[in-house]
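Secondary and tertiary structure notes
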Amino acid sequence: MKTSELPQVDIDADITRASTLPAELIRDPAHYPRLLDRVFARTWHVVGPKPSSDASTRLEPVTFLPGSLNEPLLVTSSQHGLNLLSNVCTHRGNLLVHESCRTPTIKCRYHGRSFDLDGTFKRMPAFEQARDFPAPTDNLPKIPSASLGELLFASVAPQMTFESLLGPLATRLAFIPWSEAVLTQTKDYVVNANWLLYCDNYLEGLHIPFVHDGLMEALDFTSYATELNEWASLQLGIAKRPQDAIPLPAEHPDAHRNVAAFYAFLFPATMLNVYPWGVSVNAIRPLGPAKTCITYLTFVYDQSRLGSGAGADLERVELEDEAIVEKVQRGISSRFYKQGRFSPSMEQAVHHFHRLVSKQLSDH
Ligand code: FES
Ligand SMILES: [Fe+2]
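Residues numbered from 1 in each chain as written. Chains lettered and ligands numbered in written order. Predicted model: local features only at pLDDT ≥ 70, side-chain atom pairs only at ≥ 80, totals over all residues. Heavy atoms only, no water.

**Here we look at the overall build of the protein**
- Regarding its fold elements, the protein presents nine helices and 16 strands.
- In summary, the protein has a C-alpha radius of gyration of 22 Å against a globular reference of 21 Å for 364 residues, a match within 12%.
- Dimensions of the protein along its principal axes, counting C-alpha atoms only, are 75 × 55 × 30 Å.
- Residues counted as buried form 50% of the 364 residues belonging to the protein.
- Long-range contacts, defined here as pairs at least 24 residues apart, represent 64% of the contacts in the protein between residues at least 6 apart. (Helix = DSSP H or I, 4+ residues; strand = E, 2+ residues; numbered from the N terminus. Rg over C-alpha atoms; globule rule 2.2 N^0.38 Å. Buried < 20%, exposed > 50% of the residue type's maximum accessible area, 1.4 Å probe, protein only. Contact = heavy atoms within 4.5 Å.)

Following this line, the structure appears as structure tokens:
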């Protein structure tokens, strides 16, 4: 096998027998772009906070997954709604909008082609003699988008609908009072490790007693629970003290459980962490074979609960996770490490994640 060929990966469906993804997949930089293509381009990712739904017209250029997919997109919003478009002119490929602005027409500054806010071609000088013009390909491509609470998601070539990605989590997390949520912080963390290792670490609570003593004080570790859906997983941290639980409606399936935190993972790289005070979103984007950016979006709806429970000191927990994940990055580069096994009781979500990654690799 040539080194650039992706290794054959088949993760056993039976966690009691399965081994993890091979370290070679992560440590060989030749595999990195193919993994991105097969996993990131076909799934959904956070674009950012949803633009406010006031009736004013607004154009907002965004780079979708800078550092990996690098796709120039344009969010347009007006009284007619929101559109997510390609920000590339359909004439000769100029970038259209460079900074946020308010204008009713998108106009290219190269040769003057213009578009409506929904991407429909409007006008173009010197094209009177062009035949079969304009055609649908002269419109700006619309990018599949979806929203969850105050978040805007997109996918450049979705393999699944956003609804199927979310699955039963849509109703499970429907109690979140997004309309009261205020975005209080957007912060990037950069970790010197492959994105897969960062996700692996998120997907199990087995490391909590060893890595996070502060968090351990808030959680009843023996009740930690993991649930798997088709594309998503949910971990539930249960509070030691009932006063640290998330207030849930009486009809919620977890109302009896003193949930301190819901850790919801949307394949392949979105983490929604729900605490008594609000939601902390971690949007993961690969920057290189051993570099990953984690964007924290903090939405608060109950200030009074900020300092206690499982979500009390997220910065500390993040830095503890980053330190261990960077050590793992160095460890898996060792010629003596090939792959590992899963804890059947505590690493179900890591196993599920590795199965999904391997499925994406074989399914192309
Ligand atoms: S590239 Fe936009 S009008 Fe020519
Ligand atoms: Fe952790």
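**Side note on the sheet that holds strand E5 (residues 106–107)**
- Reading across from one edge, E5-E6-E7 is the order of the three strands in this open sheet, with antiparallel pairing throughout. This sheet does not close on itself; its edge strands, each paired only once, are E5 and strand E7 (121–123).
- The sheet contact formed by E5 and strand E6 (residues 114–115) spans two bridges and is antiparallel. Its bridge partner lying in E6, Lys107 is registered against Ser114. (Pairing = 2+ DSSP bridges.)

**Structural notes on the side chain of Gln360**
- One can find Gln360 in helix H9 (residues 348–362).
- Among residues more than four places away in sequence, those in contact with Gln360 are Arg38, Val39, Arg42, Thr43, Gln159, Trp231 and Phe267.

**Quick look at the nonpolar core**
- Core analysis: the largest hydrophobic core is formed by 99 residues, its most contacted members being Leu151, Trp195, Phe262, Val274 and Phe353.
- Here this core gets eight residues from one element, more than from any other, and that element is strand E13 (residues 259–266).
- Every residue in contact with Val274, bar those within four places of it in the chain, is listed here: Leu173, Phe175, Ile176, Ile246, Ala260, Ala261, Phe262, Val279 and Tyr301.
- Of all hydrophobic cores here, the second largest spans eleven residues; its members include Cys89, Leu96, Phe115 and Leu140. (Core = buried A, V, L, I, M, F, W, Y, C linked by side-chain atoms within 4.5 Å.)

**Quick notes on unusual backbone geometry**
- Cis geometry is found at the peptide bond from Phe133 to Pro134, where omega equals 0°.
- Positive phi is not limited to glycine here, since Ala126 has a value of about 65°.
- Residue placement: Ala126 occurs in the loop between E7 and strand E8 (145–148).
- A relative accessible area of 69% places Ala126 in the exposed class.
- At Asn258, a position not held by glycine, the phi torsion is positive, near 50°.
- Mapping Asn258 onto the fold places it in the loop between strand E12 (232–238) and E13.
- Judged by its relative accessible area of 30%, Asn258 is partly exposed.

**Describing the packing of aromatic side chains**
- One pass over the full model with this rule turns up 17 aromatic pairs.
- Considering the side-chain rings of Phe127 and Phe133, the 4.7 Å spacing of their centres and the 40° angle between planes classify their relative orientation as tilted.
- For Phe133, a relative accessible area of 23% translates into the label partly exposed.
- An aromatic cluster is defined as three or more aromatic residues linked by ring pairs; in this entry it consists of Phe40, Trp195, Tyr202, Trp231, Tyr263, Phe265, Phe267, Tyr275, Trp277 and Phe353.
- The residue whose ring lies beneath Arg113 is Phe127, and the NZ or CZ to ring-centre distance is 5.3 Å. (Phe/Tyr/Trp six-rings, centres within 6.5 Å; stacked < 30°, edge-to-face > 60°. Lys NZ or Arg CZ within 6 Å of the ring centre and 35° of its normal.)

**Considerations on the sheet that holds strand E9 (residues 151–154)**
- Taking strand neighbours across the sheet as the criterion, the three strands line up as E1-E9-E8 in an open arrangement whose pairing is antiparallel. The open sheet terminates on both sides in strands that have one partner only, identified here as strand E1 (45–49) and E8. Taking the axes of each pair of neighbouring strands and ignoring which way they run, one obtains an average angle of 30° across the sheet.
- Where E1 and E9 come together, four bridges link them in antiparallel fashion. (Axes fitted to C-alpha atoms, helices over the stretch in contact; angles between N-to-C directions.)

**Notes on the packing of helix H5 (residues 195–202) against H9**
- Running from amino to carboxyl end, H5 crosses H9 at an angle of 145°, the nearest separation of the two axes being 9 Å. Of the two elements, H5 crosses H9, and the hand of that crossing is right-handed. Of the residues in H9, those touching H5 at Trp195, Leu196, Cys199 and Asp200 are Val350, Phe353, His354 and Val357.
- For the contact of H5 with H9, the residue count by class is six nonpolar, one polar and one charged. (Left-handed = near helix turned anticlockwise from the far one by under 90°. Nonpolar A, V, L, I, M, F, W, Y, C, P; charged D, E, K, R; others polar.)

**Concerning the domain arrangement of the protein**
- Under the domain assignment used here, the protein contains domain 1 (45–154) and domain 2 (166–362).
- Here domain 1 and domain 2 have C-alpha centroids that lie 33 Å from each other.
- Area buried by domain 1 at its contact with domain 2 is led by Leu148, Glu150 and Leu151, which between them contribute 36% of it.
- In this structure, the connection of domain 1 to domain 2 is made through zero salt bridges.
- Between domain 1 and domain 2 we count one residue pair in polar contact (both at pLDDT 80 or more) in total. (Domains from an automatic or database assignment. Buried area = accessible area lost by both parts, 1.4 Å probe. Salt bridge = Lys/Arg side-chain N within 4 Å of Asp/Glu carboxyl O. Polar contact = N/O pair within 3.5 Å; in protein donor to acceptor, adjacent residues only side chain to side chain.)

**What to know about H5**
- Of all the eight residues making up H5, eight are buried; the element is thus mostly covered by neighbouring parts of the structure.
- Restricting attention to buried positions, one finds in H5 the residues Trp195, Leu196, Leu197, Tyr198, Cys199, Asp200, Asn201 and Tyr202.
- Sitting at the amino-terminal end of H5 is Asn194, which places a side-chain oxygen 2.8 Å from the backbone nitrogen of Leu196.

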